[in-house]
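Observations on the model geometry
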Amino acid sequence: MDRFQAMITFIRVVDTGSFSAAARQINVGQPAVSKLIAQLEDRLGVRLITRTTRGLSPTEAGQRFYERARRALDEADEAELAARGAGRGLTGRLRISAATTFARLHVFPHLPAFLDEHPELELEVIMDDRVVDMIEEGIDIALRMGALADSAATARKLAAGRRSVLATPAYLERAGTARTPAELAGHEAIVYTRYETPTWTFRNAAGGEASVAVGGRLRVSAAEGLRAAVLADMGLAVASDWMFAPELESGAVVRLLDDWSLPPIDLWALFPAGRLATAKARSFADLMTSAMRAR
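What you see is a predicted model; the values in this text were computed from it and never measured.

**Focus: the overall build of the protein**
- Secondary structure assignment for the protein yields 10 helices and 15 strands.
- Split into buried and exposed, the 295 residues of the protein put 45% on the buried side.
- Pairs at least 24 apart in sequence give 73% of the contacts found in the protein among residues at least 6 apart.
- Accessible surface, the protein: about 15,000 Å² in total, of which carbon and sulfur atoms supply 50%.
- Distance between charge centroids for the protein: 3 Å, based on 36 positive and 37 negative side chains.

Below, the structure is given as structure tokens:
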């Protein structure tokens with residue numbers, strides 16, 4: 001049994017959820033895939049695959065083997081890339097985690113050029129506002145914003161983004177504008193509970209500081225909800241300029257209190273603990289750094 005081919009086959013079976021789909025991807029017959037997985041299970045002395053009503057899924061032992069096999073193949077890709085030179089392009093699969101809104105606005109627009117540059121590369125983008133377990137979910141690079149929780153993951157700062165008080169012209173026409181932080185207390189505030197508290201603290205160029213406790217009837221836990229509420233003229237919000245980039249450019253959303261500033265929000269690339277960042281992950285981090293600096 002070719003151990004390397006067995007690992008590739010097993011990874012394809014887990015990724016696709018079926019023997020037949022894996023067979024199509026590696027251009028062999030389904031019986032050959034079934035036989036190779038059976039040989040692999042015999043060699044290891046454990047069951048790796050179990051059948052469910054939804055198809056095939058790895059057992060607990062199979063999941064552990066999958067994670068380490070994936071890591072071994074990534075290392076093999078790195079070795080090949082180092083030997084033949086980076087000019088040949090990236091190969092294999094890159095699994096990316098990013099918040100839904102950020103991915104839609106700032107990741108996907110750059111993926112076509114990235115894939116054109118690396119025609120042998122496959123991407124899988126996990127769009128989720130929650131903080132995922134990078135090791136458990138096989139993530140190669142995670143894009144996260146804000147303060148980082150204690151983590152053994154390797155972090156690289158990609159950019160710092162401006163945070164502003166934002167609202168639509170229609171809301172401001174109805175409710176009036178705010179020229180000082182204190183005036184925000186009389187407005188309907190939409191609070192993004194992932195990053196914000198109901199108290200916003202501002203600074204001005206002279207070093208002055210002002211804190212205001214805002215009130216409102218709507219709190220949201222995801223960026224898409226905050227965007228939807230602001231764009232529905234429901235109130236004003238503190239948000240990163242990244243979150244409303246198209247609307248700020250078009251004028252559909254405007255900034256308030258230009259003489260006052262809020263602490264910026266940082267964008268980070270995280271790489272799994274205990275692993276060297278792959279060339280694929282580093283290249284993607286470089287891409288995002290360039291994209292965010294250009295913006």
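**Remarks on the environment of Pro 181**
- As for its placement among the helices and strands, Pro 181 is situated in the loop between helix H7 (169-175) and strand E8 (188-192).
- Separated by 81 residues in the primary sequence, Pro 181 and Thr 100 place their C-alpha atoms 30 Å from one another.

**Here's the deal with the packing of aromatic side chains**
- Counted according to the given criterion, the structure contains three aromatic pairs.
- Their ring planes at 65° and their centres at 5.9 Å tell us that Phe 114 and Phe 284 sit as a pair that is edge-to-face. A residue pair is termed long-range when its members are at least 10 positions apart, and Phe 114 in helix H6 (residues 111-117) and Phe 284 in helix H10 (residues 279-294) qualify at 170 residues. Per residue, the accessibility class of Phe 114 equals that of Phe 284, and both read buried.
- The cationic tip of Arg 227 hangs over the ring face of Phe 244; the distance from NZ or CZ to the ring centre is 5.5 Å.

**Quick word on the packing of helix H5 (residues 100-107) against helix H8 (residues 223-231)**
- Interaxial distance between H5 and H8 falls to 7 Å at its minimum, and their mutual angle equals 75°. Relative to H8, the element H5 is oriented roughly perpendicular. Residues Thr 100, Thr 101, Arg 104 and Leu 105 of H5 form the contact with H8, whose participating residues are Ala 223, Glu 224 and Arg 227.
- Across the contact of H5 with H8, the residue classes break down as two nonpolar, two polar and three charged.

**Some thoughts on the sheet that holds strand E7 (residues 163-167)**
- The strand order across the open sheet built from three strands is E12-E7-E13, with neighbouring strands paired in antiparallel fashion. Because the sheet does not close on itself, it has two edges, and the strands there are strand E12 (237-240) and strand E13 (254-256). Averaged over neighbouring strand pairs, the angle between their axes works out to 60° when direction is ignored.
- Taken together, the three bridges between E7 and E13 define a ladder with antiparallel strand orientation. Pairing of Ala 167 across the sheet is with Val 254, part of E13.

What counts, and where the lines are drawn
Residues numbered from 1 in each chain as written. Predicted model: local features only at pLDDT ≥ 70, side-chain atom pairs only at ≥ 80, totals over all residues. Heavy atoms only, no water. Helix = DSSP H or I, 4+ residues; strand = E, 2+ residues; numbered from the N terminus. Buried < 20%, exposed > 50% of the residue type's maximum accessible area, 1.4 Å probe, protein only. Contact = heavy atoms within 4.5 Å. Areas by Shrake-Rupley, 256 points an atom, 1.4 Å probe, with all protein chains shown as cover. Lys, Arg positive; Asp, Glu negative; His and termini not counted. Charge placed at Lys NZ, Arg CZ, Asp CG, Glu CD. Phe/Tyr/Trp six-rings, centres within 6.5 Å; stacked < 30°, edge-to-face > 60°. Lys NZ or Arg CZ within 6 Å of the ring centre and 35° of its normal. Axes fitted to C-alpha atoms, helices over the stretch in contact; angles between N-to-C directions. Parallel < 35°, antiparallel > 145°, perpendicular 65-115°, else oblique. Nonpolar A, V, L, I, M, F, W, Y, C, P; charged D, E, K, R; others polar. Pairing = 2+ DSSP bridges.

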